[in-house]
Amino acid sequence: MGALVGNYLIVLATRFGQGWNRFWYTPSDPYPLGVMRIALGLLLLYLHATYTFDLVAFFGPNGLIPTELVETMRSRVTFNPTYLSYLYAFQDPTALYVVHAIGAIILVLFTIGFKSRWTCVLALLVSLAYYHRAPFLTSGVEQMSCMMLFYMCFGPCGATLSVDRWLALRRAENDPIFARKLEQQSTSIGATISIRLIQVHLSIIYLVMGVAKLSGPAVVTGTGDWVNPWHAGHAVWLLAARPESPWFDLTWMAHSPYIFQGWTMAIMVFEIAFGVFIWNRLARPLLLLFAIPMWCSLALISGTAPFCVAMLIAGLAFFSRDMLTEFSPAEGRLETAPAASG
Amino acid sequence: MTRPAKDEPETTPQLSQGVRTFITFLLFLHCFALGVTVLYHTGAASGLQQALFSRIRTSYYVDLLGLDLNYDLHLTHNTGADFDHVCDVVLDTPQGFRGDDEQIARQSLKTIELMPESTWPGARRRRLLGLGLRVYVTAEQEEVASNIPQALAEGLLAQNNITEGKHQFRCRVLEPRHWEEPGSEMDPRDPRLYRDVYRADVISAGPGEWSLVKVVSEAETTQSQDGSSNNSTAPQSSNQGGSQ
């Protein structure tokens, strides 16, 4: 009996190790990172541009968010990460605009994929600078962006669809040795680790979103009749009936409760299903397609369009060029498509 | 994507065993920190979850890199923190000002809005609504309740070149009506739908310096006398930080 258990544990450890190595260390195509880099770069540029109008109003001499306020409020929660935000050093309007412009240039370079290894790290520092300077102003989109940027630092995000790639191809035309080296770098372990980290993090986010909706808040004080709107089916109504957030007036839904009740249920089912079934290769294209109308519609009622876009961009980590060919009838592989996860 | 490329061995020996072990160790640490964060931010955290998050300092790591999951995970739980919060400063308020819009209109009082109606939807609007939310979330934490309102009031007044006088800072919330209640077709911006969550008189304490004195409503006074200051829409001491 002891030998049986011992053998089982050895097999378990061996198989787990093999699976772990296959999951994290199989070289892969960095193409999804390239697509994500461009999309994320554009989103970051948008977020950065929207700060331009309020830069002095927020961080200037008579700003709404003086450094002392942030330090006071942050020290109550966690340690003070001031040193990661260069914005603490600037209050003069001209200086603020200069560092803001430098940040914009870094983001442009990151988006076009110039010196991507460096500009990705710098873009992360730019994003973290705003994130830590004004935590009261941040929402999910900043955290999603930082998450993607952090993980992209580990992979060759500029290996495809980038200026770096274009320059490398030009050099390869005249340098056969470099051309061979470039061909060998068509797949990389760095890309796998980067993409896998985004995938794992994203599926955790989806699962937590679903669970958070179902579980209710940590504390509901002084009321005995609180009902979880996600259970009761009117969560979407509560979102749509807010005065400032939604982009469109959807209060006409009061006449058609089935619409917002069905919508509420669809959101919950989708989020939990995404967190679990995205790892199934057959379900993956379906979930990625469903994600588009789901997040677009949520953007309308929640007013968090940038966050919804960030979620769609993060979903690109599950996209691959293989996906297009694998399910293409012309490839004749439809019947043999493996249903295994990964 | 993550499948082995054509004509590639399943795992190309690009990394030595030692490097791979080291990376695996880092991945484990990272996943552990994420796992603790997830446990901490989903519902009420137990003592163990809180200890893992704060004492082992996984919070340092995730917060430093912006990987925390304390944002809009639930979208709404029908608590006060899930609604829209708007702030403004009513200028030159008369004695006995009650903070309602009717009085502002009747007495032609001027207001400086933190988020003017013309503010573009999208990121700018979310940031300003986020500021209003922070006022709400901290409103009942005695030691910090006035920190954000003070900064906002001082900033708004200074940006409008107002250095003297007595004004009032207001933070208001709208609780959406139940869909079955009559009036659900009302204009969502109807002033009658707003409720004060924080009001403070902003009193000049010298040129360009201001002090805040919180205005306690009659309802709050009655509640505190009854010893039951909590109500269903009071700020939650939730570790989820509210939706943003």
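## Details of the pairing of strand β1 (residues 84-90) of chain B
Every regular strand shows the same layout, with side chains that alternate between the two sheet faces. Residue and element names in this part refer to chain B. Of all the 7 residues making up β1, 7 are buried; the element is thus mostly covered by neighbouring parts of the structure. Residue alternation in β1 divides its side chains into two sets, Asp84, Val86, Asp88 and Val90 and His85, Cys87 and Val89, and both sets are buried. The pairing of β1 with strand β3 (residues 166-174) spans 7 bridges and is classified as antiparallel. Residue pairing for β3: Asp84 is matched across the bridge by Leu174. Of the pairings in the sheet, the one linking β1 to strand β2 (residues 111-113) comprises 3 bridges and is antiparallel in character.

## Notes on the nonpolar core
Membership of the largest hydrophobic core comes to 148 residues, with the highest contact counts inside it found for Phe59, Met144, Met148, Met152 and Trp295 of chain A together with Phe169 and Tyr198 of chain B. The element contributing the most residues to this core is helix α10 (residues 189-215) of chain A, with 13 residues. Of the residues that make up this core, three or more belong to each of domain 1 (26-187) and domain 2 (189-323) of chain A. For Trp295 of chain A, the residues in contact, after removing those within four places along its chain, are Tyr206, Met209, Phe270, Glu271, Phe307, Cys308, Met311 and Leu312 of chain A.

## Things to note about the pairing of strand β5 (residues 210-214) of chain B
Residues and elements named next belong to chain B. Direction of pairing for strand β4 (residues 194-204) relative to β5: antiparallel, over a ladder of 5 bridges. The partner of Val202 across the bridge, within β5, is Leu212. Two successive antiparallel strands, β4 and β5, enclose a turn made up of 5 residues, where Gly206 displays a positive phi of approximately 120°.

## As for the packing of helix α7 (residues 140-152) of chain A against α10 of chain A
Residue and element names in this part refer to chain A. Look at α7 against α10: their axes get within 8 Å of each other, and the N-to-C directions meet at 155°. It follows from the interaxial angle that α7 and α10 lie roughly antiparallel. For the crossing formed where α7 meets α10, the hand is right-handed. On α10, the residues that touch Met144, Met147, Met148, Tyr151 and Met152 of α7 are Ser194, Leu197, Ile198, His201, Leu202 and Ile205. In terms of residue class, the contact of α7 with α10 is built from 9 nonpolar, 2 polar and no charged.

## Structural notes on the confidence of the model for chain B
Residue and element names in this part refer to chain B. Residues with a pLDDT of 70 or more make up 75% of chain B, whose mean pLDDT is 75. The low-confidence segment residues 1-12 (pLDDT under 50) makes 42 contacts with residues lying over four places distant or belonging to another chain. Across residues 227-244 the pLDDT falls below 50, and counting only partners more than four positions away or on other chains, this stretch makes 55 contacts in the model. Across the interface, the model reports ipTM at 0.83; the global pTM reads 0.86.

## Structural notes on the domain arrangement of chain A
Note on interface size: it is often stated as the accessible area lost on association of the parts. Residue and element names in this part refer to chain A. For chain A, the domain assignment lists domain 1 (26-187) and domain 2 (189-323). Averaged C-alpha coordinates put domain 1 and domain 2 at centres separated by 26 Å. Across the boundary between the two partners, domain 1 contributes 25 residues, which contact 22 residues of domain 2. For the pair domain 1 and domain 2, the summed buried area comes to about 2,100 Å², and 79% of that belongs to carbon and sulfur atoms. Three residues, Met36, Met144 and Tyr151, lead the burial of domain 1 against domain 2; their summed loss comes to 27% of the area buried on that side.

## Topic: the sheet that holds β1 of chain B
All names here are of chain B. Taken in spatial order, the 5 strands make up an open sheet running β2-β1-β3-β4-β5, and their pairing is antiparallel. The open sheet has two edge strands, β2 and β5, and neither has a second partner. On average, adjacent strands in this sheet sit at an angle of 25° to one another, irrespective of strand direction. Where β3 and β4 come together, 9 bridges link them in antiparallel fashion. The partner of Arg170 across the bridge, within β4, is Arg199. Here helix α5 (residues 123-138) sits on the sheet and contacts β1, β3 and β4; the angle it forms with β1, its principal contact strand, is near 85°.

## A short note on the pattern of salt bridges
Within this structure, the stated rule accounts for 8 salt bridges over all chains. Of the charged contacts, one joins Asp29 of chain A and Arg321 of chain A as a salt bridge, the two residues approaching to 3.0 Å between their closest N and O atoms. Of the two residues, Asp29 of chain A is situated in the loop between α1 (2-25) and α2 (31-52) and Arg321 of chain A in helix α16 (residues 321-326); the sequence distance between them amounts to 292 residues. We classify Arg321 of chain A as partly exposed; its relative accessible area is 38%. Note that Asp196 of chain B is salt-bridged to Arg199 of chain B, the shortest N-O span being 3.3 Å. Accessibility expressed as a relative area gives 10% for Arg199 of chain B, which makes it buried. Bridged by salt links that share partners, the residues Asp88, Arg170 and Arg172 of chain B form one connected network.

The rules behind the values
Residue indices begin from 1 for each chain and proceed along its sequence in written order. Numbering of ligands from 1 and lettering of chains from A proceed in the order in which they are written. Since the coordinates come from a predicted model, pLDDT governs what is reported: local features require at least 70, and pairs of side-chain atoms require 80 or more to be given and counted, while whole-chain, interface and lining totals use all residues. In computing side-chain values, all of the structure's heavy atoms are included and hydrogens and water are not. Using a 1.4 Å probe on the protein chains alone, a residue whose accessible area is under 20% of its type maximum counts as buried, one over 50% counts as exposed, and one in between counts as partly exposed. A run of H or I in DSSP becomes a helix once it reaches four residues, and a run of E becomes a strand once it reaches two; helices and strands are each numbered from the N terminus. We treat two strands as partners when DSSP finds at least two bridges between them. Residue types Ala, Val, Leu, Ile, Met, Phe, Trp, Tyr and Cys, when buried and joined through side-chain atoms within 4.5 Å, form a set referred to as a nonpolar core. For the purposes of this description, domain bounds are those given by an automatic or database domain assignment. Between two residues, a contact is recorded if the distance between any of their heavy atoms is within 4.5 Å. To get an axis, fit a line to the C-alpha atoms, keeping to the stretch in contact for a helix; angles then go from 0 to 180 degrees between the N-to-C directions. Should an angle fall under 35 degrees it is taken as roughly parallel, and over 145 as roughly antiparallel, whereas 65 to 115 is taken as roughly perpendicular and any remaining angle as oblique. Left-handed describes a crossing whose near helix is turned anticlockwise from the far helix by less than a right angle; the clockwise case is right-handed. Asp, Glu, Lys and Arg are counted as charged, while Ala, Val, Leu, Ile, Met, Phe, Trp, Tyr, Cys and Pro are counted as nonpolar; the rest, among them Gly, fall into the polar class. One confidence number per residue, pLDDT, is output by the predictor and ranges from 0 to 100. Using a 1.4 Å probe, buried area is obtained as the accessible area two parts lose upon being combined, added over both of them. When a carboxyl oxygen of Asp or Glu is within 4 Å of a side-chain nitrogen of Lys or Arg, the pair counts as a salt bridge.

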